[in-house]
Amino acid sequence: MQTVVKTDRIPGKSIIISNFEKIDYQDTYRINKKTDATIDRITAELFKGPKWADNLMKLRDSVDRIFGLKTGKKNDTSGQEYFPVGSKIDFFTVFDRNENEIVMAENDKHLNFRTSVMIDKSESDTTIYLSTIVKFNNIFGRLYFIPVKPFHRLIIKSLLRKFANKN
């Protein structure tokens, strides 16, 4: 079984922090896997989340609606081979990309966040990084993130574990 590793910092080659003012929270997890898949295919597969994670997102959206925050609709990415800037992957909008990384972002009145999938290929395998950065825009962003953070970590680890153990 593949191990998901939490790293101390965002990979140096990552474009996730480009034009991001201030980081109040960050995390990066990684796995190693032998794969020839493109960054687009890896990202689409990673974000085919478990049903329990989709249900948590729906619950979060129903609470967010009460407070006038943005909510998302899950986007079907099956069959899509390339995700240009502005397209949707799962609940998130592609903000930036290159051949080795896709950055998705959402900005709201309480917080701004970005998440990225980045690959680093070697001859023997591919290291896949899943990074998240958050900027709190006000006290409500900080309060909102307190109950979200443990679920965020669970979901990220679950997505990577599922992908790592897929044949």
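Structure shown above.
Residues numbered from 1 in each chain as written. Predicted model: local features only at pLDDT ≥ 70, side-chain atom pairs only at ≥ 80, totals over all residues. Heavy atoms only, no water.

### As for the overall build of the chain
In terms of helices and strands, the chain carries three helices and seven strands. Along the chain, helices and strands appear, N-terminal first, in the series β-β-α-α-β-β-β-β-β-α. The buried share of the chain, taken over its 167 residues, is 47%. Accessible surface for the chain amounts to roughly 9,200 Å². Of this, 54% is attributable to carbon and sulfur atoms. (Helix = DSSP H or I, 4+ residues; strand = E, 2+ residues; numbered from the N terminus. Buried < 20%, exposed > 50% of the residue type's maximum accessible area, 1.4 Å probe, protein only. Areas by Shrake-Rupley, 256 points an atom, 1.4 Å probe, with all protein chains shown as cover.)

### Considering the environment of T132
Relative to the helices and strands, T132 resides in strand β7 (residues 126–136). When the C-alpha positions of T132 and A105 are compared, they lie 9.6 Å apart, and in sequence the two are 27 residues distant. Residue contacts for T132: discarding those within four places in its chain leaves I16, Y25, Q26, D27, R114, T115 and H152. Side-chain polar atoms of T132 contact the side chain of T115, separated by 3.4 Å. (Contact = heavy atoms within 4.5 Å. Polar contact = N/O pair within 3.5 Å; in protein donor to acceptor, adjacent residues only side chain to side chain.)

### A short note on the side chain of E101
Along the chain, the position of E101 falls in strand β5 (residues 101–107). R114 provides the closest opposite charge to the buried, unpaired E101, separated from it by 9.0 Å. Setting aside chain neighbours within four positions, we find E101 in contact with K13, S14, I15, I16, I39, D96, S116, V117 and M118. (Lys, Arg positive; Asp, Glu negative; His and termini not counted. Salt bridge = Lys/Arg side-chain N within 4 Å of Asp/Glu carboxyl O.)

### Observations regarding the environment of K166
With respect to the helices and strands, the residue K166 is situated in the segment after α3 (139–164). Considering only alpha carbons, one finds K166 and E45, 121 residues apart in sequence, at a separation of 9.9 Å. Other than its neighbours up to four places away in sequence, K166 contacts K33 and E45.

### Observations concerning a nonpolar patch on the surface
On the surface, I139, F140, L143 and I146 cluster together into a nonpolar patch covering about 450 Å² of accessible area. Relative to the helices and strands, F140 resides in helix α3. Classification of F140 as exposed rests on a relative accessible area of 57%. (Patch = residues over 30% accessible without salt bridge, like charges linked within 9 Å, V, L, I, M, F, W, Y side chains within 5 Å.)

### Points about a positive patch on the surface
A cluster of basic side chains, namely K6, R153, K157 and R161, defines a positive patch on the protein surface. By residue number, the principal contributor to the positive patch is α3, which donates three residues. When you line up the elements, R153 lands in helix α3. Judged by its relative accessible area of 31%, R153 is partly exposed. (Charge placed at Lys NZ, Arg CZ, Asp CG, Glu CD.)

### Quick word on the nonpolar core
Membership of the largest hydrophobic core comes to 32 residues, with the highest contact counts inside it found for L46, F47, M104, V117, I128 and L160. With eight residues, the top contributor of residues to this core is α3. Each residue touching L160, except ones within four places of it in the same chain, is listed here: V4, Y29, R30, I31, L46, I128 and L130. Counting six residues, the second-largest nonpolar core is a separate cluster that includes I10, I15, F20 and V103. (Core = buried A, V, L, I, M, F, W, Y, C linked by side-chain atoms within 4.5 Å.)

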